[in-house]
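Chain and residue survey
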Amino acid sequence: MLFLSHLANAQFYRGSYQEFGKNRLQFFEPNWQHQDYENFNVYFYGTGRPLADFAAKEGAATLTRLQDLLDYRMRGKVFILIFNTQSEFQQSNIGLEIPNANNIGGTTHLQGNKLFVYFDGSHQDFQRQIRGGLTEVIVRQLMFGKNWKEMVKNSALMSIPDWYINGLVSYATRRWSVDIDDRLRDLVLDGKIGKINRLTGPDATFAGHALWYYISEVYGPEVIPNVLYMSKISRSIESGFLFVLGQSMDGLIESAQKYYLAKYISDDAQRELPDGEKLKVRTKKTRTYQRVSLSPNADYTAFTSNQLGQYKVWLHDVNKRKTKRIMKGSHKLERIPDESYPILSWSPSSDILAVVYEKKGKVLLELYDLETKKWDKRELVRVEKVLGFNFSNDGRRLVISAIKNSQSDLFVFNLLQNSMRQITNDIYDDLTPSFIPNSNTIIFASNRASDSVRAPNDVNLMMDNTDLFLYDYKEKPKVYKRLVNSQDYNEQQPYALSEKYFAFLSGENGIRNRYIGQVDSSISHIDTVIHYRYFTKTTPVSNYKRNILYQSMSVESKKFAEMIKYQGKYQFYIKDFDDVKKERVEATAYGTTVEKKKEEKLRIKSEQGTQFDVFAPPLRDQKVHADSLALDINNYHFGNTPTSPTSKTEGPIKNSRLITLKTVSIQKEKEKPEEVKPPKQENYRLAFLATDVTTAVNFEFANQLYQPFNGGPYNSPGTGLVFKISLFDIMEDHNITGGARYGLNEASTEWSLNY
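Residues numbered from 1 in each chain as written. Predicted model: local features only at pLDDT ≥ 70, side-chain atom pairs only at ≥ 80, totals over all residues. Heavy atoms only, no water.

**Notes on the overall build of the protein**
Our working definition: Counting from the N terminus, the helices are the DSSP runs of H or I reaching at least four residues and the strands are the DSSP runs of E reaching at least two. Buried means the residue's accessible area, taken with a 1.4 Å probe over protein chains only, is under 20% of the maximum for its type, while exposed means over 50%, and partly exposed covers the values in between. It only takes one pair of heavy atoms within 4.5 Å for two residues to be counted as in contact.
A count of helices and strands for the protein gives 12 helices and 38 strands. Residues counted as buried form 46% of the 755 residues belonging to the protein. Once local pairs closer than 6 in sequence are excluded, the contacts in the protein between residues at least 24 apart make up 59%.

**Structural notes on the side chain of Glu562**
Note on placement: Glu562 falls in strand β29 (residues 559-566). If sequence neighbours within four positions are ignored, Glu562 has contacts with Pro274, Val292, Arg514, Tyr544, Ile548, Tyr550, Gln551, Gln571, Phe572 and Tyr573.

**Describing the pairing of strand β8 (residues 288-294)**
Put simply, the rule is: Only strands joined by at least two bridges in the DSSP assignment are considered to pair.
Taking burial as the measure, the seven residues of β8 include six buried ones, the bulk of the element. Once β8 ends, the chain turns through five residues before running back antiparallel as strand β9 (residues 300-307), passing Ala298 with a positive phi of about 65 degrees.

**Overview of the nonpolar core**
The line we're drawing: Note on terminology: a nonpolar core comprises buried Ala, Val, Leu, Ile, Met, Phe, Trp, Tyr and Cys residues joined through side-chain atoms within 4.5 Å.
Judged by nonpolar contacts, the single largest core of 72 residues is most densely connected at Tyr164, Trp212 and Phe241. Excluding residues within four positions of it along the chain, Trp212 makes contact with Trp163, Tyr164, Gly167, Leu168, Tyr171, Ile224, Val227, Leu228 and Phe241. Counting 20 residues, the second-largest nonpolar core is a separate cluster that includes Ile343, Leu365, Phe389 and Phe413.

**A look at the sheet that holds strand β19 (residues 419-422)**
In a beta sheet, neighbouring strands are held together by backbone hydrogen bonds and run either parallel or antiparallel to one another. Worth spelling out the cut-off: Lines fitted to the C-alpha atoms define the axes, with helices restricted to the stretch that makes contact. Angles between their N-to-C directions range from 0 to 180 degrees.
With antiparallel pairing, the four strands of this open sheet are ordered in space as β16-β17-β18-β19. Each end of this open sheet is capped by a strand with a single partner; those strands are β16 (385-391) and β19. Strand-to-strand, the axes of this sheet are offset by a mean angle of 30 degrees, without reference to chain direction. Alignment of strand β17 (residues 397-404) against strand β18 (residues 407-414), held across eight bridges, turns out to be antiparallel. Residue Ile400 lies in a different strand from β18, and its bridge partner there is Phe411.

**Considerations on helix α6 (residues 162-173)**
Rules: Expected helix span is given by 1.5 Å per residue-to-residue step, counting one fewer step than there are residues.
Taking 1.5 Å of rise per residue, 12 residues should cover 16 Å, and α6 covers 16 Å from first to last C-alpha, within 8% of that figure. Summarising burial for α6: 10 of the 12 residues are buried, a large majority. Close packing links the buried residues of α6 with α2 (49-70), α4 (123-144), α8 (201-219), α9 (224-234), α10 (237-245) and α11 (249-269).

**Notes on the side chain of Asn509**
Let me state the cut-off plainly: Whenever a nitrogen or oxygen atom comes within 3.5 Å of another N or O atom, the pair is scored as a polar contact, on the condition that within protein one atom can donate a hydrogen and the other can accept it, and that pairs from neighbouring residues in sequence are kept only if both atoms are in side chains.
With respect to the element layout, Asn509 can be found in the loop between β25 (501-506) and β26 (513-526). Among the polar contacts made by the side chain of Asn509, one reaches the main-chain amide nitrogen of Ile511 at a distance of 3.3 Å.

**Comments concerning the sheet that holds strand β13 (residues 352-359)**
One open sheet accounts for four strands, arranged β12-β13-β14-β15; its pairing is antiparallel. Taken across any chain shown, the strands that pair with only one partner, and hence form the sheet edges, are β12 (343-346) and β15 (375-379). For this sheet, the mean inter-axis angle between neighbouring strands, taken without regard to orientation, is 20 degrees. Here β12 pairs with β13 via four bridges, running antiparallel. Each residue of the ladder has a partner; that of Ser345, found in β13, is Ala354.

**Considerations on the packing of aromatic side chains**
By convention here, two paired aromatic rings are described through the distance between centres and the angle between planes. Going by this rule: Geometry of aromatic contacts follows a simple scheme: Phe, Tyr and Trp rings, the Trp one being its six-membered ring, pair when their centres are within 6.5 Å, and the pair is stacked under 30 degrees between planes, edge-to-face over 60, tilted otherwise. To sit over a ring, a charge needs its Lys NZ or Arg CZ within 6 Å of the ring centre and within 35 degrees of the ring normal.
Counting across every chain of the model gives 33 aromatic pairs. Ring geometry for Tyr43 against Phe79: centres 6.3 Å apart, planes inclined by 40 degrees, an arrangement best described as tilted. One end of the pair, Tyr43, is in strand β3 (residues 40-44); the other, Phe79, is in strand β4 (residues 78-83), and 36 residues separate them in sequence. Site record: aromatic cluster; members linked through ring pairs are Trp176, Tyr213, Tyr214, Tyr259, Tyr260 and Tyr264. Geometry around Tyr480 places Arg448 over its ring, the cationic atom sitting 4.4 Å from the centre. The aromatic ring of Phe560 is capped on one face by Arg514, whose charged end is 3.9 Å from the ring centroid.

**Thoughts on empty space enclosed by the protein**
Our working definition: The distinction between a cavity and a pocket rests on a 1 Å grid over the protein atoms alone: a 1.4 Å probe fits inside a cavity but cannot get out, while a pocket stays open yet meets protein on both sides within 12 Å along at least five of seven lines, and a residue with an atom within 4 Å of a point counts as lining. Grid points are joined across faces, edges and corners, and a volume is the space filled by probe spheres set on the points. The nonpolar class holds Ala, Val, Leu, Ile, Met, Phe, Trp, Tyr, Cys and Pro. Asp, Glu, Lys and Arg form the charged class, and all remaining residues, Gly among them, are polar.
Under the defined criterion, the tally for this structure stands at one cavity of 30 Å³ or more. Empty space within the largest cavity amounts to approximately 30 Å³. Among the residues forming the lining of the largest cavity, the class breakdown is eight nonpolar, one polar and two charged.

**Examining a positive patch on the surface**
To keep it simple, the criterion reads: Patch definition: residues above 30% relative accessible area lacking any salt bridge, with like charges linked at up to 9 Å and the nonpolar side chains Val, Leu, Ile, Met, Phe, Trp and Tyr linked at up to 5 Å. Accessibility throughout is a Shrake-Rupley quantity obtained with a 1.4 Å probe, and a residue counts as covered only by protein chains that appear here. The rule for a salt bridge is simple: a side-chain nitrogen of Lys or Arg has to be within 4 Å of a carboxyl oxygen of Asp or Glu. Charge counting follows a simple rule: Lys and Arg are positive, Asp and Glu are negative, and His as well as the terminal groups are ignored. Taken as the charge location is NZ of Lys, CZ of Arg, CG of Asp or CD of Glu.
Taken together, Arg282, Lys284, Arg325, Lys328 and Lys332 make up a surface patch of like positive charges. Turning to its location among the elements, Lys332 is positioned in the loop between β11 (322-329) and β12. A relative accessible area of 44% places Lys332 in the partly exposed class.

**Some details on the confidence of the model for the protein**
To be explicit about the condition: For every residue, the predictor reports its confidence as pLDDT, a number between 0 and 100.
With 75% of its residues at a pLDDT of 70 or more, the protein shows a mean pLDDT of 80. Least confident of the elements in the protein is strand β31 (residues 610-615), whose mean pLDDT is 38; most confident is β12, at 97. A low-confidence stretch, residues 1-18 (pLDDT under 50), is modelled with 25 contacts involving residues beyond four sequence positions or located in other chains. Taken as a whole, residues 98-110 scores under 50 in pLDDT and shows 34 contacts with residues more than four places along the chain or in a different chain.

**Some points on the packing of helix α7 (residues 178-189) against α11**
The angle between the axes and the distance between the axes are what describe a pair of packed helices. Inclusion rule: Every angle not falling under 35 degrees, over 145, or within 65 to 115 is termed oblique; those three ranges are roughly parallel, roughly antiparallel and roughly perpendicular.
Two numbers describe how α7 lies on α11: the axes approach to 10 Å, and their chain directions differ by 105 degrees. When the axes of α7 and α11 are compared, the pair comes out roughly perpendicular. Packed against α7, whose contacting residues are Asp181, Leu184, Arg185, Val188 and Leu189, the element α11 presents Gln257, Tyr260, Leu261, Tyr264, Ile265, Asp267 and Asp268 at the interface. Broken down by class, the residue content of the contact of α7 with α11 amounts to seven nonpolar, one polar and four charged.

**Description of the pattern of salt bridges**
Counting across every chain of the model gives 24 salt bridges. We note a salt bridge from Asp267 to Arg271, for which the minimum N-O separation is 3.0 Å. When its relative accessible area of 6% is taken as the criterion, Arg271 is described as buried. When the shortest N-O distance is used, the salt bridge between Lys385 and Asp338 registers 3.7 Å. With a gap of 47 residues between them, Lys385 in strand β16 and Asp338 in the loop between β11 and β12 connect regions that are remote in the sequence.

**Some points on unusual backbone geometry**
A cis amide bond links Tyr341 to the next residue, Pro342, at an omega of -10 degrees. Assignment of secondary structure puts Pro342 in the loop between β11 and β12. Look at Leu308: it is not a glycine, yet its phi comes out positive at around 55 degrees. In the Ramachandran plot, Thr432 falls in the positive-phi region, its phi being about 40 degrees despite a non-glycine side chain.

**Quick look at the environment of Met463**
Summarising the element assignment, Met463 is placed in strand β22 (residues 462-472). Along the backbone, Met463 and Ser486 are 23 residues apart, and their C-alpha atoms lie at a distance of 9.8 Å. Apart from residues no more than four positions distant in its own chain, Met463 is found in contact with Ser446, Asn447, Arg448, Ala449 and Arg482.

**Regarding α10**
The test is simple: To obtain the arc, one takes the directions from the helix axis to the C-beta atoms.
Every buried residue of α10 is listed here: Ile237, Gly240, Phe241 and Leu245. Here the buried residues of α10 occupy an arc of 95 degrees about the axis, which is enough to place them on one side. Against the buried residues of α10 lie α6, α8, α9 and α11. Positioned one or two residues after α10, Gly246 has a phi angle of 70 degrees, which is positive.

**Details of the pairing of strand β10 (residues 310-317)**
For a regular strand, the rule is simple: side chains alternate between the two faces of the sheet. With eight of its eight residues buried, β10 lies for the most part within the structure. Side-chain alternation along β10 places Gln310, Lys312, Trp314 and His316 on one buried face and Tyr311, Val313, Leu315 and Asp317 on a second face that is also buried. Two elements, β9 and β10, share eight bridges in a ladder whose sense is antiparallel. Paired with Ser305 across the two strands is Lys312, which belongs to β10. The hairpin turn running from β9 into β10, its antiparallel successor, is two residues long, and Leu308 in that turn takes a positive phi close to 55 degrees. Sheet analysis places β10 next to β11, joined by seven bridges and oriented antiparallel. In the sheet register, Tyr311 faces β11, and the bridge partner there is Gly329. Hairpin connection of β10 to β11: four residues between the antiparallel strands, including Arg321 at a positive phi of 60 degrees.

Right under this line is the structure:
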């Protein structure tokens, strides 16, 4: 031992600087494949091929739209990585980088053209992720450049606040919506727009969105590329606004604040807050609250909260006015939180609260007994993710909206048999289902354009918004019964109050309010039997200042619970069904804009001409040419018949003996983009991209862990210049970092390579 110790070389050890490799636990093994298009590469796995096709189609359309909006053509390709669910995205190593906490210099992130998206059951949200990601890639490339030299130079010379790029990305993704309008009201009325440079997080994004929207409305959208270009070449966002708009940054913010105040103050004055019983629930600003659920006897309400990915389930006793936590899960982490779980629903007996959540890659259903305070756990094995569910009246079945094979469908789960039955099976989104009382009919929201059960799986038949449908899963009719048909707004969270009445949420007037629908019928025609035509009458029953975020109905107690967010605080209410119906709710400025666009579409459609295809037998003394199909049918003559102006007559044009007229509507719209043909599908091969460039001046060795022992004390290497570059593979499972340190004393030059 003494001999070995004599030969050993002593070293200084600084274990606190050890950087360990990090990997997240994965409960599935993706077999990545990719398709290479002209402007992007799409990566997917398993059953994600339909999502990849949708992403390719939407990506091509988004790139075309952004090039027109920003007057900039993207350089290079975009790498789009698609995950089938958000939980599978969270199991990846994406975003799990090792920060250099001791770097007092600067780190330039070179993420390049890499985009990660996941499917959460809604193609509308999936589309929004694609649009937002591509917009951010193009905007950052426009502002900072394409290659790493341009990025290092521009990031060092130009400081851009969060609201500038994040707000522009949000604006280019969705110019305006009911949710954006609702969020902005509190920001404007609280005076936060004037403090835009001090805002962070979502507040900075929405404030920036509002400023870019104001510029578009007042100065026109064509000035936005000019503002970006002038900001880039002058290395100052203030100069960009001043040179193009002729207004300073402070003046622009003040003008935008006045613009929105003029809209919202007068609009808020004609609306009201809920007048039901306000629950005494203490909320925190750092938490997001969701999914209020009212028990059938209206004695309890349950809801969830989420803070940095850590979720909790709360139970509020309405009579005792006390709230307690009954479940807690996951951990607080700095990443995109999964706020889709947990999901709640009450059994008809009011003594069982069902909770669905995910853990270690499994979808779990737990039943909480209010009397025994015990949980009954079981696994839902035939689905990848649950989006929503509700009990049947007998409490033996659950109707579930869930993701399976990368599409959201409806299922019925039998609690006694522990069996799952699939009801719908297509690419269209089927969301927020519930049973009609005492029946097998399901009411749900969907983005399907066709009512046919056998409609083809075609992304072109997907609507941008959701309508409401009925379907009896035991009778299995050939069509879904459409209750509400609106192409401009989402109808969501439907609850059947009886066979004829149902309640739902809609943003028809610009704020998401509650509506009551009544299914009625009339005789359409009679042959051997009487045929009926069914239609729906909808009436608003609320006129709130803010959106209704969640609602829950109890037919048994004739009460409902709802949640809104007002002045930055979540508020919960319980109220009896109100028989007084509002005949009309005044539209907001946003709602009025949508109505004007709808009227403009109808006006253009009514002004569209009619083109006639002519099918005529050949005449004896007249040759029929191809160009003879273009005829003026209002002033047509045969042979040598003298031409005379015809009088304009009312009524339809009739077919003549020799010529048959077939009307074809003339579409005065832009030509549809060419269909994106999917290229060859290939397996993924390991590829690396540069992600970070670090430049710094420090007083430390490149390798901090072990240095030769010189008898002490530890000697610092002195001042040195450090340059490092990090490489990640596309999936971020492998990291290679190389660099060099040049000591100014010319005695401590080092090279390093880490994996």
